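# A closer look at the structure
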Amino acid sequence: MGLITEVLLLPFAPVRGSFWAVRQVLTEAERQYYDPAAVRAELARLEQRLEAGEIDEEEFDRLEDELLDRLEISARRSTGTGDGRTG
């Protein structure tokens, strides 16, 4: 950007900075949400809950499907074959 553009856009610097910060937080949250190690740990905890009788088979299947979807999205994101979004 040129000097004149920078001067004209200076009043919007706090807004641009805020958007940057929000994007950084969102990026990190998505990284943690789709982290394969975290998803596998959640799958293990889910199985423990089933074995302990805390959840029934139907709830286990529903939650397991959600976690497996996250794992699949994570694999697509890491190979670059998709945008990581469903639907």
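Along the backbone of the chain there are four helices and zero strands. Along the chain direction, N to C, the helices and strands of the chain fall in the order α-α-α-α. Relative to the globule expectation of 12 Å for 87 residues, the C-alpha radius of gyration of the chain, 20 Å, shows a markedly less compact shape. Across its three principal directions, the C-alpha atoms of the chain cover 65 × 30 × 25 Å. A total of 87 residues make up the chain; the buried ones form 14% of that total. Surface exposure of the chain reaches about 6900 Å², of which carbon and sulfur atoms provide 57%. On the chain, the mean spot of the 11 positive side-chain charges and the mean spot of the 19 negative ones are 11 Å from each other.

Turning our attention to the pattern of salt bridges. Pairing of side chains with opposite charge becomes possible as their charged atoms draw close. In this structure the tally under the stated criterion is six salt bridges. Note that Glu30 and Arg77 form a salt bridge whose closest N and O atoms lie 4.0 Å from each other. Of the two residues, Glu30 is situated in helix α2 (residues 13-33) and Arg77 in helix α4 (residues 57-79); the sequence distance between them amounts to 47 residues. Using a relative accessible area of 34% as the deciding quantity, one classes Glu30 as partly exposed.

Moving on, we get to a nonpolar patch on the surface. A cluster of nonpolar side chains, namely Phe12, Val15 and Phe19, defines an oily patch on the protein surface of about 310 Å² accessible area. With respect to the secondary-structure elements, Phe12 resides in the loop between α1 (3-9) and α2. On the accessibility criterion, Phe12 (48% relative accessible area) is partly exposed.

Let's shift gears to the nonpolar core. Ranked by size, the top nonpolar core spans seven residues in total: Val39, Leu43, Leu46, Ile55, Phe60, Leu63 and Leu67. Those elements that provide at least two residues to this core are α3 (36-51) and α4. The residues touching Val39, leaving out its near neighbours within four places in the chain, are Tyr33, Tyr34, Leu67, Arg70 and Leu71.

Mapping Leu8 onto the fold places it in helix α1. Leu8 sits 17 residues away from Val25 along the chain, and the two C-alpha atoms are 28 Å apart.

Each value, and the rule that gives it
- Residues numbered from 1 in each chain as written.
- Predicted model: local features only at pLDDT ≥ 70, side-chain atom pairs only at ≥ 80, totals over all residues.
- Heavy atoms only, no water.
- Helix = DSSP H or I, 4+ residues; strand = E, 2+ residues; numbered from the N terminus.
- Rg over C-alpha atoms; globule rule 2.2 N^0.38 Å.
- Buried < 20%, exposed > 50% of the residue type's maximum accessible area, 1.4 Å probe, protein only.
- Areas by Shrake-Rupley, 256 points an atom, 1.4 Å probe, with all protein chains shown as cover.
- Lys, Arg positive; Asp, Glu negative; His and termini not counted.
- Charge placed at Lys NZ, Arg CZ, Asp CG, Glu CD.
- Salt bridge = Lys/Arg side-chain N within 4 Å of Asp/Glu carboxyl O.
- Patch = residues over 30% accessible without salt bridge, like charges linked within 9 Å, V, L, I, M, F, W, Y side chains within 5 Å.
- Core = buried A, V, L, I, M, F, W, Y, C linked by side-chain atoms within 4.5 Å.
- Contact = heavy atoms within 4.5 Å.

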